[in-house]
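Residue-level structure breakdown
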Amino acid sequence: MRREFCPPICTPMASKADDWIPIRPSTDRALALSMLHVLLNELSVYDAEFLKAQTNACYLVGEDGLYMREAATAKPLGWDEAEARASAYDGNPEKPALLGDYDVGGKNFRPAFQVLKEHLRQYPPEQVEPITGVSASTIRRLAREFGETASIGSTIVIEGQEMPFRPVCAFPDSRGLAAHMYGVWTSTAVQLLNVMVGAPDVP
């Protein structure tokens, strides 16, 4: 099933979609951030294993917004729940934490994923509806369908190799939203939808 977000003109590309959602021009970033809020804060849908193994989601972030780093190597640190201590990202932590607040040397740190979740709380669908022109109920439906279609945890065997199977993709059109002012940040928000469900570079 293909969803297409386009300005309120049914373009040739939009006409091929199963579901065309007209959106106010240049508001795609708000829509993507709202869908992320629904996925992470309302539905708790995300690929925890992918985030722990393939992203910086576990890196500890201080109140100054900077990563906590190992003094000798400057490597970012994460929190190992099994050892109850900060550990270098490449130090094979047994149980890296995605959520929580941790006191390290008298300072408070949170995993980057926790920081992201809290940041996204300012984009509930009700706040984003008047910005984008997309109803709150539609935003929630799209986020739910995206999360369900991702089939987190599923695998597929291709030429004898088992790989994660994530049959979903959010794509920032380089001729559309990415070409507007702040297009890099808009594209990043859209790509985060793929990252949260473990969809980059897999079938």
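Below, the structure is looked at part by part. Just so you know, these numbers come straight off a predicted model, no measurement behind them.

Criteria and cut-off values
- Residues numbered from 1 in each chain as written.
- Predicted model: local features only at pLDDT ≥ 70, side-chain atom pairs only at ≥ 80, totals over all residues.
- Heavy atoms only, no water.
- Helix = DSSP H or I, 4+ residues; strand = E, 2+ residues; numbered from the N terminus.
- Buried < 20%, exposed > 50% of the residue type's maximum accessible area, 1.4 Å probe, protein only.
- Areas by Shrake-Rupley, 256 points an atom, 1.4 Å probe, with all protein chains shown as cover.
- Lys, Arg positive; Asp, Glu negative; His and termini not counted.
- Charge placed at Lys NZ, Arg CZ, Asp CG, Glu CD.
- Salt bridge = Lys/Arg side-chain N within 4 Å of Asp/Glu carboxyl O.
- Core = buried A, V, L, I, M, F, W, Y, C linked by side-chain atoms within 4.5 Å.
- Contact = heavy atoms within 4.5 Å.

Regarding the overall build of the protein
Each helix and strand in the protein was counted, giving 7 helices and 9 strands. Considered along the principal axes of its C-alpha atoms, the protein spans approximately 55 × 45 × 30 Å. In the protein, which comprises 203 residues, the proportion classed as buried is 40%. Taken as a whole, the protein presents about 11,300 Å² of accessible surface, with 52% of it coming from carbon and sulfur. Charged side chains of the protein number 19 positive and 26 negative; the gap between the two group centres comes to 5 Å.

Topic: the pattern of salt bridges
Applying the stated criterion across every chain, the model contains 7 salt bridges. Linking Glu-118 and Arg-110 is a salt bridge whose minimum nitrogen-to-oxygen distance equals 2.1 Å. Taken together, the shared-partner salt bridges in this structure form one network comprising Asp-19, Arg-141 and Glu-145.

Quick word on the nonpolar core
Considering soluble globular proteins, one finds that nonpolar side chains tend to be buried as a cluster. Counting residues in each nonpolar core, the largest one holds 37 residues, and the members touching the most others are Met-35, Leu-51, Phe-113, Phe-146 and Leu-193. Looking at this core element by element, the count peaks at 9 residues for helix 2 (residues 28-42). If we skip the residues at most four places from it in the chain, Phe-146 touches Met-35, Leu-39, Val-168, Cys-169, Ala-170, Leu-193, Asn-194 and Val-197.

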